[in-house]
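This is what each chain is made of:
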Amino acid sequence: MPSRRQLLQASALASGLGALGLTASTVQAATSGPVYAYVGTYSDGGKPWRGGRGLGVHQFVLDSATGALKPIPGAPPAVASTGEGAKLRNPASLARHPKLPMLYAANEFEAGSVSAFRIGANGALSFVSETPCGGKDPAYISVHPDGRFLFTANYASGDVSVIALRADGTPDASVPAVVYKDVEACGASTPCKPGADVVPEAARSHEGFATSDHDGPHAHMVHADPKGNFVLVADLGLDRVISYRFDRITGVLSQPSTVAVSESSGARHFIFHPNGKWFYLVNEEASTIAFMRYDNATGVLTLVSETSALPKGFKGTSYASGIRMLPDGQHFVSLNRLHDSISLFRIDARTGAPTLVREEWTRGNYPRSCTLDPSGRFLYVCHNKQGDNVTVFRVQGGDVKFTGQYVAVGSAAAIEFSA
């Protein structure tokens, strides 16, 4: 049986994890059953940065003592096709149902879709269905904590989709996805337009040349807040975060409010602090962390500061990507592509302000995302461009240490775990 201390730690970690990139179902005592890992990949090149060397959704069993990912006995290394034999196309973002053994993948291509998989007793995935999301190139997928709706952030079309789920966790094919355009969230009181596709001098704390996709709106992440009452969207092209009130019964998004970060900084991914009041956003092109305060009664964000995610004195180009809160709630990490590092931040316990402590080499090339295992003891970094691997780090308080382990996965984009 888990100790009282383990149960208390799990309870504390579960609080407010809805938008930390984990779900409550992924927090478990260390003594529970097997844990399985699934790695989403770019399996169809299309664009040069995708790679296209993945086999689909790769599947592993976790060694809870060492953090190693090993093949599932008797299962294929990856799910590569739909039930009709069609090849999975870029199932690059993954999300798990909070209550049921279901996994979802956002298929990032022009006619974007969501693939649903059932997780078997041995951890192996079986394809269930593919559902159009109504947008182009869905780059991120998440499931509402109630388990009745899922969301996709559609990068190329600059919008977000809401897809209804049946009681068994399968997408309801009889109800078309509802699509919300990011620019429509910008009213007369909060006008927004695409930023200039230039080096974001106003946001930059280093000399570099990162520019990317400010030709229009580009939704990069969508996720419910910790209480599930609001849904937030990071739009890279608009340099804004949009907050919608969410109707838990109908799935309708309404009453949007927006907050801007520095022009051309490129809002990408975000996390909440376990207290639900502090919000941290990765700005991709500026390689900064935007710290905001969050009003969970109104869904309104207020920008406080922007802090560099790169070492002092760094000169050159780098693109920030993933972000995760560490289990102690006093630190978080973010990723830097080209600099190929993990940035470790300390959180001021009184104000919530982040301070960069140090950087750790990811042991790979172009890290796209990072995820904690359910115990919170290991951090996994996915390298999708040329690295073609997942590297494993042990979490030690507010720090991480490389375990020496590499997992070969072509064009690895994201990793998700079973309950």
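Shown above is the structure to which this text applies.
These notes cover the structure that comes with them. (Residues numbered from 1 in each chain as written. Predicted model: local features only at pLDDT ≥ 70, side-chain atom pairs only at ≥ 80, totals over all residues. Heavy atoms only, no water.)

1. Quick word on the overall build of the protein
Then, number 1: Tallying secondary structure elements over the protein gives one helix and 29 strands in all.
Then, number 2: Its C-alpha atoms give the protein a radius of gyration of 19 Å, near enough to 22 Å, the size a compact globule of 419 residues would have.
Then, number 3: Its C-alpha atoms put the protein at 55 × 45 × 45 Å along the principal axes.
Then, number 4: Across the protein, the fraction of contacts at a sequence separation of at least 24, relative to all contacts at a separation of at least 6, is 51%.
Then, number 5: Looking at the protein as shown, the accessible area adds up to about 15500 Å², and 54% of this sits on carbon and sulfur atoms. (Helix = DSSP H or I, 4+ residues; strand = E, 2+ residues; numbered from the N terminus. Rg over C-alpha atoms; globule rule 2.2 N^0.38 Å. Contact = heavy atoms within 4.5 Å. Areas by Shrake-Rupley, 256 points an atom, 1.4 Å probe, with all protein chains shown as cover.)

2. Here's the deal with the environment of L236
Then, number 1: Tracing the backbone through its elements, the reader meets L236 in the loop between β14 (230-235) and β15 (240-246).
Then, number 2: Judged by its relative accessible area of 0%, L236 falls in the buried class.
Then, number 3: Each C-alpha atom of the pair L236 and S411 lies 22 Å from the other, and the pair is 175 residues apart in sequence.
Then, number 4: Leave out the neighbours within four places in its chain, and L236 touches Y155, S212, D213, H214, H218, H220, G266, A267, E284 and E285. (Buried < 20%, exposed > 50% of the residue type's maximum accessible area, 1.4 Å probe, protein only.)

3. Considering the sheet that holds strand β27 (residues 389-396)
Then, number 1: Strands sit in the order β25-β26-β27-β28 across an open sheet of four strands; the sheet is antiparallel. The sheet is open, and its two edges are formed by β25 (367-372) and β28 (399-408), each paired on a single side. Going across the sheet, the axis of each strand differs from the next one's by a mean of 25°, ignoring polarity.
Then, number 2: Bridge analysis of β25 against strand β26 (residues 378-383) gives five bridges, and the strand direction is antiparallel. Its bridge partner being in β26, L372 is matched across the sheet by L379. (Pairing = 2+ DSSP bridges. Axes fitted to C-alpha atoms, helices over the stretch in contact; angles between N-to-C directions.)

4. Here's the deal with the pattern of salt bridges
Then, number 1: Per the counting criterion, the structure on display carries 14 salt bridges.
Then, number 2: Note that D44 is salt-bridged to R89, the shortest N-O span being 2.8 Å. Here the residue D44 occupies a position in the loop between β1 (36-41) and β2 (57-62), and R89 occupies one in the loop between β4 (78-79) and β5 (91-96), the gap between them amounting to 45 residues.
Then, number 3: Exposure remark for D44: the relative accessible area of 24% places this residue in the partly exposed category.
Then, number 4: Using a relative accessible area of 37% as the deciding quantity, one classes R89 as partly exposed.
Then, number 5: In this structure, K70 engages D63 in a salt bridge whose closest nitrogen and oxygen atoms are separated by 3.3 Å. (Salt bridge = Lys/Arg side-chain N within 4 Å of Asp/Glu carboxyl O.)

5. Here we look at the state of the cysteines
Then, number 1: Scanning all chains against the criterion turns up one disulfide.
Then, number 2: Covalent S-S linkage joins C186 and C192, the inter-sulfur distance amounting to 1.6 Å. Across the S-S bond of C186 and C192 the torsion is about 80°, and the bridge reads as right-handed.
Then, number 3: Owing to a relative accessible area of 15%, C186 belongs among the buried residues under this scheme.
Then, number 4: Looking at C192, the relative accessible area reads 18%, which means it is buried.
Then, number 5: Here C382 stays unpaired: no disulfide links it, and the sulfur of C370, its closest cysteine neighbor, is 8.7 Å away. (Disulfide = S-S within 2.5 Å.)

6. Some details on the packing of aromatic side chains
Then, number 1: Summed over the entire model, instances satisfying the criterion amount to 13 aromatic pairs.
Then, number 2: Both rings, one in F272 and one in F279, keep their centres 5.2 Å apart while their planes meet at 80°; by these two values the pair is edge-to-face. Here F272 matches F279 in class, with each residue buried.
Then, number 3: An angle of 15° between the planes, with centres 5.3 Å apart, marks the rings of Y280 and F291 as stacked. With a gap of eleven residues between them, Y280 in strand β18 (residues 278-283) and F291 in strand β19 (residues 288-295) connect regions that are remote in the sequence. In terms of burial, Y280 and F291 fall into one category: buried.
Then, number 4: Following the ring pairs from residue to residue traces out a cluster consisting of F270, F272, F279 and Y294. (Phe/Tyr/Trp six-rings, centres within 6.5 Å; stacked < 30°, edge-to-face > 60°.)

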